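# Fold and geometry: a report
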Amino acid sequence: MTSFHPHLLDRRLRWARAIVWGAVAVLVIAFFRAQILEHSKYELQSETNRLRPIPLPAPRGIITDRNGKLLADNVPGYTVSLLPGNEDSLRATLTRIAPLVKLDAAGIERVLARARRAPYLPVTVLPGARFEVVSMLEERRLIFPGLLIQPEPKRAYPDSAMIAHLVGYVGEVTEAERGQRRYAGIRLGGLVGKDGLERAYDDSLRGADGVRFVEVSALGHVVREATRSSTLLPVPGRPLHTTIDLDLQRYVAEIFPAGHRGAVLAMNPNTGEILALYSAPGYDPNAFVGGVDPDYWRRLNASEAHPLFDRTIQARYPPGSTWKLAIAAMALRRGLVTLRTRMPIPCRGGLQYGNRYFHCWSPQGHGSLTLTEAIAQSCDVYFYQLGLKIGLTSLLEDANSWGFRSRTGIDLPGEITPEFPPGTEYYDRYYGPRRWTAAVTLNLAIGQGENAQTLVNMVRFYQMLASDGRARPPYLVHPSSASGVSLNLASDQLAALRQAMISVVEQGTARGAARFGGAIAIAGKTGTAQNPHGPDHGWFIGFAPAEKPEIVVGAIVEFAREGPYVAPLVTRVIGRYLGVDTTVASNVRIVLPADTAPHAIQLLPGVPSEDSLEIPDTVRVDSVRPDTGHAAPPPRNR
Amino acid sequence: MRPPLREIDKPLVGVVVALAAYGLATLYSAGQTDASTFVTTLWHKQLVWLAIGAVAAVLMFRVSPRLLEWATPYAYTVGVVVLLFTLVLGRGAASVATERSWLSIAGLRLGEPSELAKLAVILMLARWLAARREAPVTLRELVAPGALVAVPFLLVALQPDLGSALVFISILFAMLFWAGTKPQLLLLLGSPVIGLVLAFSTVAWGLWIVVLVGLLVWWRPYVWEGFSVMLANVVMGVIAVPFWRRLAPYQQNRLLAFLNPQEDPRATGWHVIQSKIAIGSGGLLGHGFTHGPQKRLAFLPAQFTDFIFAVVGEELGFVGVLVALALFAALLLILLRIARRATDAYSSLCVFGVTGLVFTHIVENVGMTVNVLPITGIPLPFFSYGGSFLLVCSVAVGIALRVAWESRQSGYAVL
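Residues numbered from 1 in each chain as written. Chains lettered and ligands numbered in written order. Predicted model: local features only at pLDDT ≥ 70, side-chain atom pairs only at ≥ 80, totals over all residues.

### Quick notes on the overall build of chain B
- Looking only at helices and strands, one finds 15 helices and two strands in chain B.
- Burial status across chain B gives 50% buried among its 415 residues.
- Within chain B, contacts between residues at least 6 apart in sequence are counted, and of these 70% link residues at least 24 apart. (Helix = DSSP H or I, 4+ residues; strand = E, 2+ residues; numbered from the N terminus. Buried ≥ 20, exposed ≤ 12 C-beta atoms within 10 Å, placed from the backbone. Contact = placed C-beta atoms within 7 Å.)

### Structural notes on the overall build of chain A
- When its secondary structure is counted, chain A shows 21 helices and 19 strands.
- Going through the 638 residues of chain A one by one, you find that 50% of them count as buried.
- Taking all contacts inside chain A whose residues are at least 6 apart in sequence as the whole, residues at least 24 apart take part in 74%.

### Some thoughts on the nonpolar core
- M175, L349, V351 and A400 of chain B are the most contacted members of the largest nonpolar core, which totals 138 residues.
- Looking at this core, the element that brings in the most residues is helix α13 (residues 308–341) of chain B, giving 19 residues.
- Among residues more than four places away in sequence, those in contact with V351 of chain B are L335, I338, A339, A342, I399, A400 and V403 of chain B.
- Core analysis: the second largest hydrophobic core is formed by 133 residues, I274, L275, L277 and A439 of chain A among them. (Core = buried A, V, L, I, M, F, W, Y, C linked by C-beta atoms within 7 Å.)

### Details of the sheet that holds strand β14 (residues 274–280) of chain A
All names here are of chain A.
- With respect to topology, five strands assemble into an open sheet ordered β14-β13-β19-β18-β17, the strand pairing being antiparallel. Since the sheet does not close on itself, it has two edges, and those belong to β14 and β17 (523–529), each with one partner. Within the sheet, the average angular offset between the axes of one strand and its neighbour, ignoring direction, is 5°.
- In this fold helix α10 (residues 246–255) packs onto β13 (262–267) and β14, with an angle of close to 25° to the strand it touches most, β14.
- Contacts from helix α20 (residues 567–577) reach β13, β14, β17, β18 (537–544) and β19 (551–557) within the one sheet, and its direction differs from that of β19 by about 150°. (Pairing = 2+ DSSP bridges. Axes fitted to C-alpha atoms, helices over the stretch in contact; angles between N-to-C directions.)

### Let's talk about the interface of chain B and chain A
- Each partner contributes residues to the interface: chain B has 42 residues there, and chain A has 37 residues.
- Of all the secondary-structure elements, those providing two or more residues to the side of chain B that touches chain A are α6 (162–178), α11 (270–282), α12 (293–296), α13 and α14 (345–369) of chain B.
- If you tally residues by element for the side of chain B that touches chain A, the top one is α13 of chain B, at 11 residues.
- Split into classes, the residues belonging to the side of chain B that touches chain A amount to 26 nonpolar, 10 polar and six charged. (Nonpolar A, V, L, I, M, F, W, Y, C, P; charged D, E, K, R; others polar.)

### Some details on the environment of V121 of chain B
Residue and element names in this part refer to chain B.
- Mapped onto the elements of the fold, V121 is located in helix α4 (residues 113–131).
- In this structure V121 comes out as buried when scored by C-beta crowding, with 27 C-beta atoms within 10 Å.
- Remark: the alpha-carbon pair of V121 and G79, spanning 42 residues in sequence, is separated by 8.3 Å.

### Some remarks on the sheet that holds strand β10 (residues 210–216) of chain A
All names here are of chain A.
- Here we have three strands laid out as an open sheet, ordered β1-β10-β11, and antiparallel in their pairing. The sheet terminates laterally at β1 (51–56) and β11 (222–225), the two strands that pair on one side only. In this sheet, adjacent strand axes meet at a mean angle of 40° when their direction is disregarded.
- Here β10 pairs with β11 via three bridges, running antiparallel. Pairing of E215 across the sheet is with R224, part of β11.

### Side note on the packing of helix α3 (residues 65–89) of chain B against helix α5 (residues 143–157) of chain B
All names here are of chain B.
- With their axes 9 Å apart at the nearest point, α3 and α5 run at an angle of 20° to one another. Between α3 and α5, the angle falls in the class roughly parallel. Considering only the axes of α3 and α5, their crossing is left-handed. Together, G79, V80, L83, L84 and L87 of α3 and V151, P152, L155 and V156 of α5 make up the contact between the two elements. (Parallel < 35°, antiparallel > 145°, perpendicular 65-115°, else oblique. Left-handed = near helix turned anticlockwise from the far one by under 90°.)

### Concerning the packing of α13 of chain B against α14 of chain B
Residue and element names in this part refer to chain B.
- The N-to-C vectors of α13 and α14 enclose an angle of 165°; their axes lie 10 Å apart at closest approach. In terms of their interaxial angle, α13 and α14 are classed as roughly antiparallel. Crossing geometry of α13 relative to α14 is assigned as left-handed. The segment α13 lies against α14, with F309, A310, F328, L331, L332, L335, L336, I338 and A339 engaging S348, V351, F352, V354, T355, V358, F359, I362, N365, V366 and T369.
- Residue classes in the contact of α13 with α14 are distributed as 16 nonpolar, four polar and no charged.

### Examining the environment of R261 of chain A
Residues and elements named next belong to chain A.
- As for its position among the elements, R261 is in the loop between α10 and β13.
- Sequence separation between R261 and I556 is 295 residues; the distance between their C-alpha atoms is 8.4 Å.
- Setting aside chain neighbours within four positions, we find R261 in contact with A280, P281, A305, R311 and E558.

### Focus on unusual backbone geometry
Residue and element names in this part refer to chain A.
- For the peptide bond that leads from A280 to P281, omega is -5°, which places it in the cis range.
- Along the chain, the position of P281 falls in the loop between β14 and α11 (294–302).
- Within the chain, N488 stands out as a residue other than glycine whose phi angle is a positive 55°.
- Assignment of secondary structure puts N488 in the loop between α18 (455–466) and α19 (491–506).
- Take N488: there are 16 C-beta atoms within 10 Å of it, and that puts it in the partly exposed class.

### Looking at the pairing of β17 of chain A
All names here are of chain A.
- The buried fraction of β17 is high, at seven of seven residues.
- Inspection of the sheet shows β17 paired to β18 by seven bridges, in the antiparallel sense. Residue pairing for β18: A529 is matched across the bridge by H537.

### Concerning α18 of chain A
Residues and elements named next belong to chain A.
- Here α18 is 12 residues long and its end C-alpha atoms lie 16 Å apart, about the 16 Å a rise of 1.5 Å per residue gives.
- Among the 12 residues of α18, 12 are classified as buried, and the element is accordingly described as predominantly covered.
- Those residues of α18 that fall on the buried side of the exposure criterion are L455, V456, N457, M458, V459, R460, F461, Y462, Q463, M464, L465 and A466. (Expected span 1.5 Å × (residues − 1).)

### Comments concerning the confidence of the model for chain A
Residues and elements named next belong to chain A.
- Mean pLDDT for chain A: 79, with 85% of residues reaching 70 or above.
- Mean pLDDT values for the elements of chain A range from 45 in helix α21 (residues 582–587) up to 93 in helix α1 (residues 6–37).
- Confidence drops under a pLDDT of 50 for residues 584–638, and excluding neighbours within four residues, the segment shows 132 contacts in the predicted structure. (pLDDT = per-residue confidence, 0-100.)

### Side note on the confidence of the model for chain B
- On average, chain B scores 85 in pLDDT, and the residues at 70 or more come to 90%.
- Both scores are available for the predicted complex, with the pTM at 0.62 and the ipTM at 0.91.

### Quick notes on the pairing of β13 of chain A
All names here are of chain A.
- For β13, a buried count of six out of six residues is recorded, marking the element as mostly surrounded by other parts of the structure.
- Burial of β13 is two-sided: the residues G262, V264 and A266 facing one way and the residues A263, L265 and M267 facing the other way are all buried.
- Joining the antiparallel neighbours β13 and β14 is a turn of six residues, in which G272 adopts a positive phi near 90°.

### Quick word on the environment of G320 of chain A
- Mapping G320 of chain A onto the fold places it in the loop between α11 and α12 (324–333).
- Considering only alpha carbons, one finds G320 of chain A and A445 of chain A, 125 residues apart in sequence, at a separation of 9.4 Å.

In structure tokens form, the structure reads like this:
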């Protein structure tokens, strides 16, 4: 029987058909599974395969002064980036692109490191590219797969160094910052405020980045824009209206003695609005846009003058004689004296206390003075006695309750806490129990000793004097909640103190800084801060009009030797603000007596020398601003 | 007697024309990418090949099976010689430069001889098997057909093109089956391959040996047969690992990628993943003809040859796939019907061999695009671009048409 008998063939045919049907069934099931059951999964994979998200950076909100003049603006700029791809192709493209964007080998590695951190986002190669570079790259676009050039608003500060410490600057968000909740939503390479208002109000200035999708080919070339509907437009940052008076700010920057270090702070005493905030030397915040040049960054950090440092809120100075108003206010509040009270011992150039002789700044002596006269003459001997009359415990108590140991809460980042003893136990701890005497009171009474204040804190105290005695937290945009701090002085006592300060300007230590043709009365107080490292620092804090103050201005100039030299600066600022002819003031010859408070005295034998006596020198660069990220240069933005 | 064209088997012609049209349209779409490549105009060439194929099919329709049977040994000899030449002079295909599967003379690429050799092997096996009056019942009787297949198999495997080589094995088994060989015998013949695959797990291999011993005891072949089968399995188990090391890296990767495509998606698994993404994203109705994004953006590799079926899946969806599979199934069933009604054993075996060839290509090619089977570079009949295989398919169809006409002449009624 042949094997090709029809009956046998039919049997095999059935088998063969079964195999065909079986195979087709398996394939149909496989396709059904992939195309119907798992369709959405593969649809998504297909999208992620070919769609690349491209962040649309939100323009930061503009910052304006109180009259709407621009402090920080956005100008058109371009960002050059590469679409994500595998590392080898990125490296190849970067190597080719490097000469055009001036990227060295280390720069390429930095870009690749960024690409590894966010493998699905375009990696920024050159932020803030100039137009020439962009057009050069555009011409060669075909040979650079995945090249992405997009307009990105660029921050610009028209007034540059004049407002540097006020507005701060922006920079790329760091890895550490991205770990914080506040910056959680920011993409890698996004910009955040690093200092000043930019940092303080980053949340509202920043806006929200949008995203668009482009379709790419398997080789990484952008083929086309994906459909419009999937684009999420960026939400621009909200504009920030500040209390700053830009004209005044500029004026301050102009008249601040060139080459000197110091700070000026102007404030409305009735509201706490900051009108001008200037710290010298400044820096160019524009230089930080798009990544700071490492050389510039090194220069800023290496400079003796520490330009990044905001001397209005980040430097502590011994308040010197400006402190005497605080002592006077304490004595008045406690009812110990009136403005006409004289001290038992008249000034003969010094005061014997215990086994020590405490000098007055004036070796000839001031004779017997009333409180008003003592304020005007800044007589140390009077205030030694007044301090002893108040007593150390009460003095510390009042100073603490008036906020000389706390931050003002100004809405700028990095404000440091003033130094002041919290109570007598401080001395116990410092010198040991019963190893110190009430002589510390004498130093404290004239603004020396264990007392170092920030400019903003001293201005806030004078604001209380200049207003109804209640503290108004200084602010640039939003006041912090009221502290409830008050001098608790009657209005006539405040008026009397102001009158005494007018006499400072008219006859006293700041004589000649004076009135502008008698138009307004400026009240103020000089101060000289001991500086063991060089010439003393000069203070002046004043307000005007004395009867109903509208502005309080504090200034400190490092190494100015004495406060009186600072007074004209302040009075000119006040004059400018109140619309008084300052040309006259600038012509006034400034004749001022020396106002040097005595050097801090070694109080007890065997106690550490004065240098270690917590006499704060000007700026403690190493101890301040740990939270602003200045310790290390920000990663260069590429 | 010359067969008139009007007595041609119309269902077969209809299905083949439909498949050729579908395939040409898909190839046209495969060329519609965002960045134009040489693929864009490839369908013109395929159209020419289709015309050549049509002429070839008509010519084969005119050739009597007797003449074909007479010419078979010569065709086989030519096929083997050409394969030898290819091995010595061959060029790699575009993607795998170390592969010598193309024959070119004076820079002119003449095609892939392995495709033509498949046809030659089918004819030769048909002739040998038809010449015997009874089906093979012992392993010894399988040595000769085995050798007939082994020669081209080895020559192709050495190119190295294991995927195409395995098609010869599939043809051998199909034709032995159709010749009436008992399934037990086929299983014993194939058992060394199973042993080879299972050798990668000692436990599985041990179990397989136990099962094999049981089968041998049950089926009671000749002692020496049982002994050689056991020996072959043990040897396979031993040489499996060295054999694995001998495989070219791309062959290893293809097998590994089949097992786990996600392992290294950019390298070995890329093809499968991209293909599956394209098919899966197609859904029920697809992205629309020529609009498949994966294909357009060049994510889909070899979209005009090996992975052309993924274009169908992506653009025409599950419905398009069903239509294609239905056409393929119809083709296979028609061929089976012709093989069944053939007037003589040689014709019947020829047509069944062709059926096995087409079946293998369809299942393997379509199966790999959805990761049901490992990737091998064998083309999809009537879809993949390539003249050699299209010509082979056309000639095969021509033979089947002639066989169908012969049986119709001898009294089989047309359904």
